[in-house]
Structures are given as structure tokens and as C-alpha cells.
Amino acid sequence: MSRELRDRAERTAHGDRPLRVLALETSCDETSAAVVEGRGDAVALRSLVILSQDVHRLFGGVVPELASRAHLTSVVPVVERALADAGLALGDLDAVAVTHAPGLVGALLVGVSYGKALAFGAGVPLVGVHHMEGHLFATALEHADATPPFTALLVSGGHTLLLDVAAWGAYRLLGATRDDAAGEAFDKVAKLLGLPYPGGRHVEALAREAASTGDAAAAAAAARHRFARPMLRANQTPDDPDYYDVSFSGLKTAVLHAVRRAEAAGALDDGERAAIARGFQDALVETLVEKTFRAARQHGRTRVVLGGGVACNGALVAAMRRRLEPRGAAVFAPTPRLATDNAAMIARAGLFRLERGDVADLALNAYASRPIPGLAR
Ligand code: KG4
Ligand code: ZN
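What comes next concerns the included structure. Just so it is clear, the model here is predicted, and its values are computed rather than measured. Within each chain, residues carry numbers counting from 1 in the order of the written sequence. For this description, chains carry letters from A and ligands carry numbers from 1, given in the order in which they are written. Residue-level local features of this predicted model are given only where pLDDT is at least 70; pairs of side-chain atoms are given and counted only at 80 or more, and the full residue set underlies all totals for whole chains, interfaces and linings. Each side-chain value is worked out from all heavy atoms of the structure, with water and hydrogens disregarded.

1. A few points about the coordination of the zinc ion (ligand 2)
For Na, K and Ca the donor cut-off is 3.2 Å; for every other metal, N, O and S atoms count as donors within 2.8 Å. Water does not enter the count, which can leave sites looking incomplete. Taken together, the protein donors to the zinc ion (ligand 2) comprise His 131 (NE2), His 135 (NE2) and Asp 341 (OD), at separations of 2.0 to 2.1 Å. Between 85 and 135 degrees for all angles marks four donors as tetrahedral; over 155 degrees for opposite donors together with 65 to 115 for all other angles marks four donors as square planar and six as octahedral; every other arrangement is irregular. Each of the four donor atoms bound to the zinc ion (ligand 2) contributes to angles spanning 93 to 146°, and the resulting shape is irregular. Donor residues binding the zinc ion (ligand 2) come from one chain and are separated in sequence as H-x3-H-x205-D. Here His 131, found in helix 4 (residues 131-138), pairs with Asp 341, found in the loop between helix 11 (336-339) and helix 12 (343-355); they are 210 residues apart in sequence, far enough to count as distant. Note on conventions: DSSP H or I runs of at least 4 residues are helices, E runs of at least 2 residues are strands, and numbering of each starts at the N terminus.

2. Here's the deal with the site of ligand 1
Neighbouring ligand 1 are 21 residues, the closest being Gly 157, Asp 187, Gly 200, Glu 204 and Gly 309. Definition of a polar contact: a pair of N or O atoms within 3.5 Å, with one able to donate and the other able to accept a hydrogen when the atoms are protein atoms, and with sequence-neighbouring residues admitted only if both atoms are side-chain atoms. Between His 135 and ligand 1, the recorded distance is 3.4 Å, taken from a side-chain N or O atom to an oxygen atom. Interatomic distance of 3.1 Å between a backbone N/O atom of Asp 341 and an oxygen atom of ligand 1. Compared with its free state, where it exposes 560 Å², ligand 1 has 88% of that area covered by protein. Mapped onto the shell around ligand 1, the elements with two or more residues apiece are helix 4, helix 5 (182-192) and helix 6 (200-213). Three classes are used, and their members are as follows: Ala, Val, Leu, Ile, Met, Phe, Trp, Tyr, Cys and Pro are nonpolar, Asp, Glu, Lys and Arg are charged, and the others, Gly among them, are polar. Its residues assigned to classes, the shell around ligand 1 comprises five nonpolar, twelve polar and four charged. What makes a residue near a molecule or strand is one non-hydrogen atom of that residue sitting within 4 Å of it. Method for areas: the Shrake-Rupley scheme with a 1.4 Å probe, in which residue coverage is limited to the protein chains shown.

3. Quick notes on helix 8 (residues 249-264)
By this rule, a helix spans an expected 1.5 Å times one less than how many residues it contains. Between its first and last C-alpha atoms helix 8 spans 23 Å; for 16 residues at 1.5 Å apiece the expected length is 22 Å, and the two agree. Burial classification: accessible surface area is computed with a 1.4 Å probe over protein chains only, and a residue below 20% of its type maximum counts as buried, one above 50% as exposed, and the rest as partly exposed. Residues of helix 8 that are buried: Leu 251, Lys 252, Val 255, Ala 258, Val 259 and Ala 262. When helix 8 is viewed along its axis, its buried side chains cluster within an angular range of 115° and face the same direction. Opposite the buried face of helix 8, by more than 90 degrees, sit the exposed residues Arg 261 and Ala 264. Contact between two residues is taken to exist if any of their heavy atoms lie within 4.5 Å; hydrogens are not considered. Contacts from the buried residues of helix 8 go to helix 5 and helix 9 (270-298). Two residues or fewer after helix 8 comes Gly 266, characterised by a positive phi angle close to 65°. In this context, the arc is that of the directions from the helix axis out to the C-beta atoms.

4. Looking at the pattern of salt bridges
Any Lys or Arg side-chain nitrogen found within 4 Å of a carboxyl oxygen on Asp or Glu counts as a salt bridge. Taken as a whole, this structure holds 23 salt bridges when the rule is applied. Between Asp 41 and Arg 348 there is a salt bridge, with the nearest N and O atoms lying 2.9 Å from each other. Note that Asp 41 is positioned in the loop between strand 2 (30-39) and strand 3 (42-52) and Arg 348 in helix 12, a separation of 307 residues in sequence. The exposure class assigned to Asp 41 is partly exposed, which follows from its relative accessible area of 46%. Note on Arg 348: relative accessible area 2%, which makes it buried. Asp 270 is the salt-bridge partner of Arg 273, the closest N and O atoms lying 3.4 Å from each other.

5. Points about the pairing of strand 4 (residues 95-101)
Among the seven residues in strand 4, seven count as buried, and that is most of the element. The pairing criterion is simple: DSSP has to find at least two bridges between the two strands. Where strand 1 (residues 19-25) meets strand 4, four bridges bridge the pair, whose relative direction is parallel. Within strand 4, the position partnered with Ala 23 by the bridge is Ala 97. Two elements, strand 4 and strand 5 (residues 126-130), share five bridges in a ladder whose sense is parallel. Bridge pairing links Ala 97 to Val 127 in strand 5.

6. Some thoughts on the side chain of Arg 353
Residue position: Arg 353 is located in helix 12. Setting aside residues no more than four positions away along its own chain, Arg 353 makes contact with Val 127, Glu 133, Gly 169, Tyr 171, Asp 358 and Pro 373.

7. Describing the packing of aromatic side chains
Note on aromatic pairs: the rings of Phe, Tyr and Trp (six-membered ring only in Trp) are paired at centre separations within 6.5 Å, and the planes decide the class, stacked below 30 degrees, edge-to-face beyond 60, tilted for the rest. Inspection of the entire model under this criterion finds five aromatic pairs. Where Phe 150 meets Trp 168, the ring centres are 5.7 Å apart and the plane angle is 75°; that geometry is what we call edge-to-face. Of the two residues, Phe 150 sits in strand 6 (residues 150-155) while Trp 168 sits in the loop between strand 7 (160-167) and strand 8 (170-176), which places them 18 residues apart along the sequence. The two residues Phe 150 and Trp 168 agree in class, both being buried. Ring plane angle 85° and centroid distance 5.1 Å describe the contact between Phe 186 and Phe 280, whose orientation is recorded as edge-to-face. Of this pair, Phe 186 sits in helix 5 while Phe 280 sits in helix 9, and the two are 94 residues apart along the sequence. For Phe 186, a relative accessible area of 2% gives the class buried. Relative accessible area serves as the criterion here: at 0%, Phe 280 is assigned to the buried category. A network of ring pairs unites the aromatic residues Phe 137, Phe 150, Trp 168 and Phe 352 as a single cluster. Distance and angle both matter: a charge sits over a ring if NZ of Lys or CZ of Arg is within 6 Å of the ring centre and within 35 degrees of the ring normal. Cation over ring: Arg 323 sits above Phe 293, and NZ or CZ is 3.8 Å from the ring centre. For Arg 370, the ring lying beneath its charged end belongs to Tyr 367, and the centroid distance is 4.1 Å.

Printed below as a string of C-alpha cells:
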């Protein structure tokens, strides 16, 4: 980076004028741009544009090459719209932030390349943001108290992470999935139940039917589909390697067997499908809630912050509140727009990195996988 840009980044980091950051997010199948403004934990969202790529529905999953192409055609208008909605021009910005890991490399590269061009054109610092650090910051845009120290549960299509957050930028990884991510498990179970992709919200809606019918037959069906809670035993201790870890592939297989059994018996009707969805969701939710409860208790945290697409799940959020709030911990979850992939969270994390002087140069690269900066095991 040039000396001039480095000096500018230094002055930006140490002034007291509110900072304006434009961010791009193109790690998967959402093309998104946003502008935030502020300093420290007083940061406001000025605009957010999210364009979801519908093409992948046809294939039942994200097709990387199609994602890159769709980002290419939409990134320019999406950024222009985010600037217009914020009432700002390129020259009003203090930095451009962009997701550079983890994700689909071709998709990430579209955002990284365009982000570099914008930063270069505006003569402002470029900030590379880790997608999962973005998810950590999302809730803080909506809840002033969703700030460290807290326990974080990040549950998305590609990741399931349980973190202790002592301060922004100081993360301890407590647990993760040993196989499928929580969102991935929802999507695979959706497929088994004949629901569209991405399936999380469809499984949740189906499970709600089993919950609301309330008659004796529904209760009996639900009882038949009580799946084992993966990696959750009462006699685990914090020294056990699986005290905080989760695993959902066995649960997914149990669902597969339940579906096949019902099919073979000619009994896979709507009520049975709903009961299976309910049984799956209950097992996954109880596992995540218990592991999060353990993490908060063990580290004396009185705040729990949820993030990632699965944080849209009302049953998860409600169960988390029921378990933690009576024990003195507040639970914060983002609204769906900020829970699923979006550039607002990238802008918020980017502003934090900018204030810390963590700026990139034009050699910034994209990575399919990379640890969150500031992460300790
Ligand atoms: O964070 P996200 O938008 O993208 C990734 O970074 O992966 O998360 C997407 C995931 C998908 O697996 C989707 O099925 C899941 O979040 N999801 C849900 C719900 N809404 C979205 N899972 C369960 N219940 C929901 N209501
Ligand atoms: Zn995500």
C-alpha cells in the first residue's frame, strides 16, 4: 500500500468523525452491498441491498460457476443502488470493505476485484473481511447490547461455530461441527422430505404443523420420531473433546431411515412428514441450545448472540431464550435480513477492522477457507 493511503488509514482510525464504510458480500449466492456509518459500537446502517440468486433453486444447491456469473452481472447495479439509498457518492466514503474468505473462490473474487477497483478509484483504504466475523457483528447493528463479552453461536449453511467472544477481535473457538453444518443438515433433510432448496425455512414451517395439530394421532407420530440428541450426554465434562462440538450427519441418516420406513409402510402422508420434520428440528435445536448454555455457563457470560441463516429459525431462538433467560443470560438474534448473508454485517465488521488499522492492499486475495482473524482454540 502507498504511504499516502497508509497515512490516510491512520488518520481515519484515530479521528472522531463518524466513518462511512461501503461493503460488498459475494461469498455464496447473494450479491449484496451496504453502507454503515459511525464509530466504535455506535454504528448505524445507512443502506442495504441484497440480490438473491434464484437460479440455484433449479439445481437444488449452489452451482459455483453460475454464482460467479450472476455476481458479475449484478455487482455494479447493486453497489450503485446501495450508494444511492445511502444518499452518498464514492467520494464520501472512508473505506471499502469486502468479504475475501471463506466461500466460493470464484464468487469471492468478483467482490474482491470490484472492491479493489472501488477503493482505488475513491482513493480510500480497502478492508478484507472474514465472512464469519461478519456474522458475529450482524446482531450489533440491531441491538445495542449485542456487544462483547458474549457467547456466540454461528449457524449457517457452511459453518457451525460456538465461540467465546471476550472482545471484538478476540475470539476463542469452543466447539464446531464434526461433519454437517446446521444449515446443511436442514437443507439435506428438506430434500429428503421433498421440500425446495434452501430448505431451512420449509422444514421449520412443516415442523410447526406437527406442533399445532395437537391431536392424539399427531402426538403419537411425534413420539415415534424422537431422534437421539447427537453428541449430547449428561455425563460430559468440559475436558471432554465433544463437550461443545456437535455432529449432525447421524441425525440426517436417522431421518433418512424414518422417511424410508414410512414410505415402505405406505404411511408417508403430510402428518408423518411433519412429525419427522418436527423430530429432526427438536433434536438439532436441543443440541445447539444445550451446547450454547454450557459455553455461557462455563465462561460466565450473561449475553448470547446468535448469527447465520439458521438463526432465522424461530424454534431455535425461542428454545434458547427458554433455557438461558431464566438463568440470567440475555439472548440476541438478528432479524432474518441480517441473519442470512448480507453486506451490512461485512460493513460493520469492516468498520471495526478499519478502526484497528487492519487494512489490506491491492494484493488482497480470496480464500475458500481461512480461520477467523483473532481466533484462538
Ligand atoms: O448464513 P446463510 O445465509 O449462508 C451461509 O453463509 O451459509 O445461511 C443459509 C442457511 C441455509 O442452510 C438455510 O436453509 C438456513 O440457513 N436457514 C434456516 C432457516 N432460514 C434459513 N434454517 C432453519 N430454519 C430457518 N428458518
Ligand atoms: Zn453466511
